[in-house]
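Residues per chain, in single letters:
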Amino acid sequence: MAKPAQGAKYRGSIHDFPGFDPSQDAEALYTAMKGFGSDKEAILELITSRSNRQRQEICQSYKSLYGKDLIADLKYELTGKFERLIVGLMRPLAYCDAKEIKDAIAGIGTDEKCLIEILASRTNEQIHQLVAAYKDAYERDLEADIIGDTSGHFQKMLVVLLQGTREKDDVVSEDLVQQDVQDLYEAGELKWGTDEAQFIYILGNRSKQHLRLVFDEYLKTTGKPIEASIRGELSGDFEKLMLAVVKCIRSTPEYFAERLFKAMKGLGTRDNTLIRIMVSRSELDMLDIREIFRTKYEKSLYNMIKNDTSGDYKKALLKLCGGDDDAAGQFFPEAAQVAYQMWELSAVARVELKGTVRPVDNFNPDADAKALRKAMKGLGTDEDTIIDIITHRSNAQRQQIRQTFKSHFGRDLMADLKSEISGDLARLILGLMMPPAHYDAKQLKKAMEGAGTDEKTLIEILATRTNAEIRAICEAYKEDYHKSLEDALSSDTSGHFKRILISLATGNREEAGEDRDQAREDAQVAAEILEIADTPSGDKTSLETRFMMILCTRSYPHLRRVFQEFVKMTNYDVEHTIKKEMSGDVRDVFVAIVQSVKNKPLFFADKLYKSMKGAGTDEKTLTRIMVSRSEIDLLNIRREFVEKYAMGLHCSCQGDTSGDFLKALLAICGGED
C-alpha cells in the first residue's frame, strides 16, 4: 500500500486487508476460475479488498502453488471493461502506467489525453518508477518512444516532465517568484508571438509550492489567471498539456475529479479514462477526489458511477470508490481544511472585477443617434447597425444617445426600437438601453406579475446586488410602478421567504470587514439551526431569526470568515448543509447568498450554464445575466465558466442561440476564451 508522507493521513480508499494470507487468496482465485465459467463476484470482491502490495504477493503465491501466471488466467477468464479493470489492479502502479502509455502510442494515432494525464500528474518518484517499468516490461526507452510519436512544443514539454526533476517544495525564493512572473508575462502577453521555451522551463521544473505563489502573483500583476494566458498564447495538445500541469500544481485531486466527471457526463462513458483513474488513485488520494467531486459537481462520485456503469464492472468500480458520500454533503475533516485554506487564499487574493462592455473612445452621441435613426427608417431594419452601436457603448453612453435621439428627432428611441425589432433580440437590446436599476426593477416586476411568481429571478437579483444597487433598484421601482418594492414583495410572497427577501431589499448589509469573535458566534448559530451542533441552545424561532439576520446583513468578508469557522467547528460545508437540511424557496435563497459570498462570478457562470444546457434555452435568464453583468464582472464570469465547464461562454452561446440574438450576445460576451 502506498505510504502517505510523514505526518500526513492516508487518503486512499483501498487499505491492506487485515489477516491477509496470500496462499489462501491464491487458492480462492484458482477455485473461482476453475471449471466451466468463473465466479466473477468472488474475483472482484477479493481483488478490490486487497492493497496493491498484497496483490503482488498473491501473484507470487499463485505461481508457486499452480505454476501459472495469475494475470494471464484472469485475462483468459474475464472480458471487456471488467477484465481491463481487474488486470489493471493486479499490476504495480508504475507498470500499470507503463502499459497505459504503451497503448497510447501504439499503432496508428496517439492518445494524447492519456499521455497528458499521466505525465502531468505524477511525482518525480512515480515518473522514475514509470521509466524503469517501461524499460523492464517492453525493453524500450520511454523517452525515445515519446519523441518518436509526438512533435513540437508538446513533445518538448513531455520530455521535460519525463526527467522527473521538478524542484522540491523546501525552499521558495520571493525574488525568483517575481522573476518567473515577469518572464512568463514577457514570454506571452507582452511578446509578439510566444516564447514557449520559457513556459516549458518554468512550468516543467519549478516546485509546486513555488508555482502556486507564481500563479497568485501573476494574477495580481496581470489581472488575469495564468490559465487565461495559456489559452490565449498556446494551442492544440501543447495548450492542453500546460493547462493540465497548472491544474495539477494547484490541486491534483481536483484535476482528477474533473477528469472523472468529464469521463461520465453526457452520452457514453470514457471507460479507459474512468478505469485508469480509479485504479491509479485508489491508494493515493481517492478520498480527496471524492470530496472535491461532490463539492464541485453537487453529486457523489459513487452515485455518478452507479448511474453510468453496470454489472460486475460497476460493482468493482464502486468498491474502489470506497463509499457513497451523502450527495448533500459532509466534508471529510482533511478536505474541510483544504476548503478552509482555499477560502483563506480567496479572501487574500483581491481579484479585480471587470466587465466586457466599456465606454467607447471618441464617443459621438449625435452620430450614433443619426445612425440608429437611419437603421430604423424606411422599409426594413438594419439590425447589424443597431447591434453594433448598442452593444459597444456603455450604459451611460446609451442614455446620452437616448437624449440626443429625442432632441434631434422628437422621438423616443426605446419606442422606435420596440416597433422595429422583436423576440429575444428586442428583449436584449431594450434591456441594454435601460439604466441598470430600472432594468432590475422591471425584471422584479415581471417576476411578480400575473399568475404565479418567478422566485428564481427574485432570488438571483436580491441575493447578489450590492447595497448601492439595491437602494437604486428600490428608487427605480417606486418611480416606475408607484409602489414600494417592499410592498410588492409582501403581497406576492409569504412566510420566511418573504422575510428574507424584504431583509435583502432594504440594502442594509454591513460593509465593514470581519470580526473573528463574532464570526465564531455566528457559525455556532448556523450549526444549531442546521441541526449539526454538538450542544444546541436557544429556541428554534429565535435561532431562525438570527440565522436570517446573519446571512442577510453581515458583510461579505465577515460571512467568508463565518463559513470558514463553520467548517472548523463542524467539518461540514455550510452550502451543502443548507441544501440537505432545508427545502423550497428558503433553501434556494440561502444557497444563492452563500454562493454569491463565496464566488459571485462563479454563481452567475453556473446560472448561465444551466440556462443553456439540455434541451431548449432559458433565453430570459441568459439575457438578464448578460445585460446586468456586462459592465460589472462578465469577464470574470467568462473565466469561471471556462474553468468549470472546459468551454468558453462565447462557444456555449454559439451552440445554443442563433441569428441576430446570437450576434448581440457574442458582442456583449466580448471574445472567446
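Going by an unreviewed UniProt entry, the protein chain carries the name Annexin and comes from Ursus maritimus. The Function (unreviewed entry) field of the UniProt record for the protein chain holds the comment "May associate with CD21. May regulate the release of Ca(2+) from intracellular stores." Under Sequence similarities (unreviewed entry), UniProt gives the following word-for-word description of the protein chain: "Belongs to the annexin family."

Counting its regular elements, the protein chain contains 39 helices and zero strands. Each of the three principal axes of the protein chain carries a C-alpha extent, and together these read 100 × 65 × 55 Å. Counting the 673 residues in the protein chain, one finds 51% classified as buried. Of the contacts made within the protein chain by residues no fewer than 6 positions apart, 72% connect residues no fewer than 24 positions apart.

Moving on: the side chain of D416. Structurally, D416 can be placed in helix α24 (residues 413–420). Ignoring sequence-local partners within four residues, the contact set of D416 consists of R373, M376, F405 and R411.

Attention now moves to the packing of aromatic side chains. According to the stated counting rule, one finds 14 aromatic pairs in the structure shown. A ring pair is formed by Y30 and Y66, whose centres lie 4.0 Å apart and whose planes are at 10°; its orientation type is stacked. Of this pair, Y30 sits in helix α1 (residues 22–33) while Y66 sits in helix α3 (residues 52–66), and the two are 36 residues apart along the sequence. One aromatic cluster is present, formed by Y30, Y62 and Y66 through successive ring pairs. The ring of Y138 carries K102 above its face, with NZ or CZ at 5.5 Å from the centroid. Over the ring of F409 we find R373, and its NZ or CZ is 6.0 Å from the ring centre.

Attention now goes to the pattern of salt bridges. On inspection of all chains with the given rule, the structure shows 48 salt bridges. Its salt-bridge partner being R554, residue E510 comes within 3.4 Å of it at the nearest N-O pair. Of this pair, E510 sits in the loop between α30 (495–505) and α31 (516–529) while R554 is found in the loop between α32 (540–553) and α33 (556–570), placing the two residues 44 residues apart along the sequence. For R554, a relative accessible area of 10% corresponds to the buried category. By sharing partners, the salt bridges in this structure join R84, E100, E117, R259 and R276 into a single network.

Glancing now at helix α15 (residues 236–264). Taking 1.5 Å per residue as the helical rise, α15 with its 29 residues ought to reach 42 Å, whereas the 23 Å between its terminal C-alpha atoms falls clearly short. Taking the largest bend as the criterion, α15 deviates by roughly 125°, centred on S251, and proline P253 comes between one and four positions later. Count one or two residues on from α15 and you reach G266, which has phi positive near 75°.

Let us look at helix α29 (residues 485–492). Buried within α29 are the following residues: L485, A488 and L489. Along the axis of α29, the buried residues cluster in a sector spanning 95°; they form a single face.

The subject of this paragraph is the nonpolar core. The biggest cluster of nonpolar side chains holds 99 residues, and the ones touching the most others in it are F547 and F590. No other element matches helix α35 (residues 584–612), which puts 13 residues into this core. The contact partners of F547, leaving out residues within four places of it in the chain, are V525, A526, I529, L530, I578, M582 and F590.

Of note, E139 is a non-glycine position whose phi angle comes to about 50°, a positive value. Counting through the fold element by element, E139 comes out in the loop between α8 (124–138) and α9 (142–149). In the Ramachandran plot, N362 falls in the positive-phi region, its phi being about 55° despite a non-glycine side chain. Exposure remark for N362: the relative accessible area of 79% places this residue in the exposed category.

Next up on the list: the environment of F238. Looking at where F238 falls in the secondary structure, it is placed in helix α15. What makes F238 buried here is its relative accessible area of 7%. Sequence separation of F238 and S151 is 87 residues, and the distance between their C-alpha atoms is 9.8 Å. Contact partners of F238, with chain neighbours within four places excluded, come to H153, F154, M157, E196 and I200.

Looking now at the packing of helix α34 (residues 574–581) against α35. It is at 9 Å that the axes of α34 and α35 come closest, and there the two elements cross at 175°. What the angle tells us is that α34 and α35 run roughly antiparallel. Residues V574, E575, I578 and K579 of α34 lie in contact with α35, whose contacting residues are R587, F590, V591, V594, Q595 and K598. A per-class count over the contact of α34 with α35 returns five nonpolar, one polar and four charged.

This part takes up the environment of D111. On the secondary structure map, D111 appears in the loop between α6 (93–105) and α7 (112–121). Placed eleven residues apart in sequence, D111 and E100 show a C-alpha to C-alpha distance of 9.6 Å.

Attention now goes to the state of the cysteines. Using the criterion set out here, one finds zero disulfides in the structure. In this model C96 remains outside any disulfide bridge; the closest cysteine sulfur is found in C114, 9.7 Å from its own. C96 gets classed as buried once you look at its relative accessible area, which sits at 7%. Not engaged in a disulfide, the cysteine C669 finds its nearest cysteine sulfur in C653; these two sulfurs lie 5.6 Å apart. Judged by relative accessible area, C669 falls into the buried class, the value being 0%.

What counts and how
- Residues numbered from 1 in each chain as written.
- Predicted model: local features only at pLDDT ≥ 70, side-chain atom pairs only at ≥ 80, totals over all residues.
- Heavy atoms only, no water.
- UniProt positions renumbered as here; feature names shortened; annotations may be inferred.
- Helix = DSSP H or I, 4+ residues; strand = E, 2+ residues; numbered from the N terminus.
- Buried < 20%, exposed > 50% of the residue type's maximum accessible area, 1.4 Å probe, protein only.
- Contact = heavy atoms within 4.5 Å.
- Phe/Tyr/Trp six-rings, centres within 6.5 Å; stacked < 30°, edge-to-face > 60°.
- Lys NZ or Arg CZ within 6 Å of the ring centre and 35° of its normal.
- Salt bridge = Lys/Arg side-chain N within 4 Å of Asp/Glu carboxyl O.
- Expected span 1.5 Å × (residues − 1).
- Bend = angle between axes of the 7 residues up to and from the residue.
- Arc of directions from axis to C-beta.
- Core = buried A, V, L, I, M, F, W, Y, C linked by side-chain atoms within 4.5 Å.
- Axes fitted to C-alpha atoms, helices over the stretch in contact; angles between N-to-C directions.
- Parallel < 35°, antiparallel > 145°, perpendicular 65-115°, else oblique.
- Nonpolar A, V, L, I, M, F, W, Y, C, P; charged D, E, K, R; others polar.
- Disulfide = S-S within 2.5 Å.

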